[in-house]
Amino acid sequence: MTAPAEQDLKQRTAVALTRARERTALLTSCVEDSELTAQHSPLMSPLVWDLAHIGNQEEQWLWRAVGGREALRPEIDSMYDAFEHPRASRPTLPLLAPAEARAYAADVRDRILHVLDGTRLEGRPLVDAAFAFGMIAQHEQQHDETMLITHQLRKGPAALTAPPPPATADGAPEQREVLVPGGPFTMGTSDEPWALDNERPAHTRIVASFHIDTVPVTNGAYQAFMADGGYRDERWWQAEGWDQIRQHAIEAPLFWRREGGQWLRRRFGVTEPVAEDEPVLHVSWYEADAYARWAGRRLPTEAEWEKAARHDPATGRSRRYPWGDADPTPVHANLAQRHLGPAPAGSYPEGASPLGVRQLIGDVWEWTASDFLPYPGFTAFPYKEYSEVFFGPEHKVLRGGSFAVDPVACRGTFRNWDLPVRRQIFAGFRTARDAEPA
Ligand SMILES: [Fe+2]
């Protein structure tokens, strides 16, 4: 790497770290300190845990591992170890108070910007192309998304505001589908510098021809499933999903309630009528799967999703994003918490894939049919707890990112995973079906 190229990379890396910290500051300053230490849901940590955990991971990876420096607060490592303490138990820990957590995270960050300045960004895997710095920027943004989920679960008046997404839908017919031709394509990546271990390596996948929705399933379409008795008809449900909706009396997406003959939803402290043209949000994998079966369709596999998102039939190569290789801008996708919800289905025509599939990136995470499994040739890096311990049939893959995902943690290859019962995450879906044999 030439000296100017390295300077440019350091500049971009510092910008990514700073952007993450500005978002963390917003999410932890818009409510009283007493709300930072409260637990708003047993599914989530107190916000103040996330705040100090962000600083502690940065200390461990960038100050100690990359910088080779003496530990600053080794005594708190175990308190902020996500594997040692499940979320429900975190409020019982002697956590750093909000002011102390803020000061700790800020102190680490000051030191890290100096470490970045003084580190050659090549010669060892952890620092090549600033990988560990990029990993930590992504980690902080992922916790920011988690904290935004905590904000959504929190009761009380709105603490966050944002303008609605711009009206860019141009009348593309709802739920239209396109044919994605069968054959090989390149899945995953070996050359995206900040891609995480589970996205690697690039490899050839062959998928049969299939049809996929051009837009995510909308609230209007989902309400047709509800009105048709979808939640009361066992035929559409996998056994565990049927048990879950019976046990918890689930009859609509999370945060919905029926009042005066119409469905209302609560979003970040504001209750309003459900918008029919928006992608459905806050459904479990089981709900997505049941809807698809009711509609005579199915969820796309992870490979189908990625082929629809990245494969360019004209050149045969896989793009970084549906629209090409350029980083996302506000005309491509609804990302980065610029808005506090998804845009109407059919928005962001400039972010469409070569075959005309829209909103693959941003708006809502999309459940896929697939279990979270390693790609052929997978190697854990830089630690097994990043991905490897989560591989297996208990987690389903989500793709594409939501309105709450920052571009630094969003790519055509990016993989998210969660339990199929989860409903508080910003997840929706689109459907697919096999193509007729030629
Ligand atoms: Fe974490």
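Residues numbered from 1 in each chain as written. Predicted model: local features only at pLDDT ≥ 70, side-chain atom pairs only at ≥ 80, totals over all residues.

Undergrad: An account of the overall build of the chain is needed here, citing residue identities and associated values.
TA: The helix and strand inventory of the chain stands at nine helices and twelve strands. The C-alpha atoms of the chain give 22 Å as radius of gyration, which agrees with the globular expectation for 438 residues (22 Å, within 12%). Burial analysis of the chain (438 residues in total) assigns 44% to the buried set. (Helix = DSSP H or I, 4+ residues; strand = E, 2+ residues; numbered from the N terminus. Rg over C-alpha atoms; globule rule 2.2 N^0.38 Å. Buried ≥ 20, exposed ≤ 12 C-beta atoms within 10 Å, placed from the backbone.)

Undergrad: Would you mind going over the domain arrangement of the chain in detail, with residue names and values included?
TA: Domains assigned within the chain are domain 1 (3-153) and domain 2 (163-438). In this structure, domain 1 and domain 2 have C-alpha centres spaced 27 Å apart. Looking at the side of domain 1 that touches domain 2, the elements that each hand over two or more residues are α1 (3-29) and α5 (131-153). When residues in the side of domain 1 that touches domain 2 are grouped by element, the largest group, twelve residues, is from α5. When the residues that make up the side of domain 1 that touches domain 2 are grouped by side-chain class, the tally is eleven nonpolar, six polar and two charged. (Domains from an automatic or database assignment. Nonpolar A, V, L, I, M, F, W, Y, C, P; charged D, E, K, R; others polar.)

Undergrad: Describe in detail the sheet that holds strand β1 (residues 177-180), supporting the description with residues and values.
TA: Reading across from one edge, β1-β4-β12 is the order of the three strands in this open sheet, with antiparallel pairing throughout. A single partner strand is all that each edge strand has here, and the edge strands are β1 and β12 (432-434). Strand-to-strand, the axes of this sheet are offset by a mean angle of 25°, without reference to chain direction. Where β1 meets strand β4 (residues 210-213), four bridges bridge the pair, whose relative direction is antiparallel. Of the residues in β4, the one forming a bridge with Leu-179 is His-211. (Pairing = 2+ DSSP bridges. Axes fitted to C-alpha atoms, helices over the stretch in contact; angles between N-to-C directions.)

Undergrad: Got a sec to walk through unusual backbone geometry? Specific residues and values, please.
TA: With an omega of -10°, the peptide bond between Arg-200 and Pro-201 qualifies as cis. Here Pro-201 is to be found in the loop between β2 (183-187) and β3 (203-207). Omega for the bond connecting Phe-381 with Pro-382 falls within 30 degrees of zero, at -5°, which places this linkage in the cis form. Its identity is not glycine, yet Ala-249 carries a phi of approximately 50°, on the positive side. With respect to the helices, strands and loops of the structure, Ala-249 is situated in the loop between α7 (239-247) and β5 (256-259). Owing to 7 C-beta atoms within 10 Å, Ala-249 belongs among the exposed residues under this scheme. Positive phi, normally seen in glycine, also occurs at His-282, with a value near 65°. Tracing the chain through its elements places His-282 in the loop between β7 (270-273) and α8 (285-294). The exposure class assigned to His-282 is buried, which follows from the 22 C-beta atoms found within 10 Å.

Undergrad: Go over the sheet that holds strand β10 (residues 415-418) with me, naming the residues and quoting the values.
TA: Strand order in the open sheet made by the four strands is β10-β9-β8-β11, with mixed pairing throughout. The strands lining the two open edges of the sheet, one partner per strand, are β10 and β11 (427-428). Pairing of strand β8 (residues 365-372) with β11, which is carried by two bridges, proceeds in the parallel orientation. The residue of β11 that forms the bridge with Glu-366 is Gly-428. The sheet contacts of helix α9 (residues 302-310) involve β8 and β9 (392-399), and relative to β8 the element is tilted by about 135°. (Contact = placed C-beta atoms within 7 Å.)

Undergrad: Can you lay out the packing of helix α3 (residues 47-66) against α5 for me, pointing to particular residues and giving the numbers?
TA: Angle between the axes and distance between the axes: these two values describe a pair of packed helices. Where α3 contacts α5, the two axes come as close as 10 Å, and the packing angle between them is 175°. Considering their axes alone, α3 and α5 lie roughly antiparallel with respect to each other. Touching Leu-47, Asp-50, His-53, Ile-54, Gln-57, Glu-58, Trp-61, Leu-62, Ala-65 and Val-66 of α3 are Ala-132, Phe-133, Met-135, Ile-136, His-139, Glu-140, His-143, Thr-146, Met-147 and Thr-150, all from α5. Grouping the amino acids of the contact of α3 with α5 by side-chain chemistry returns eleven nonpolar, six polar and three charged. (Parallel < 35°, antiparallel > 145°, perpendicular 65-115°, else oblique.)

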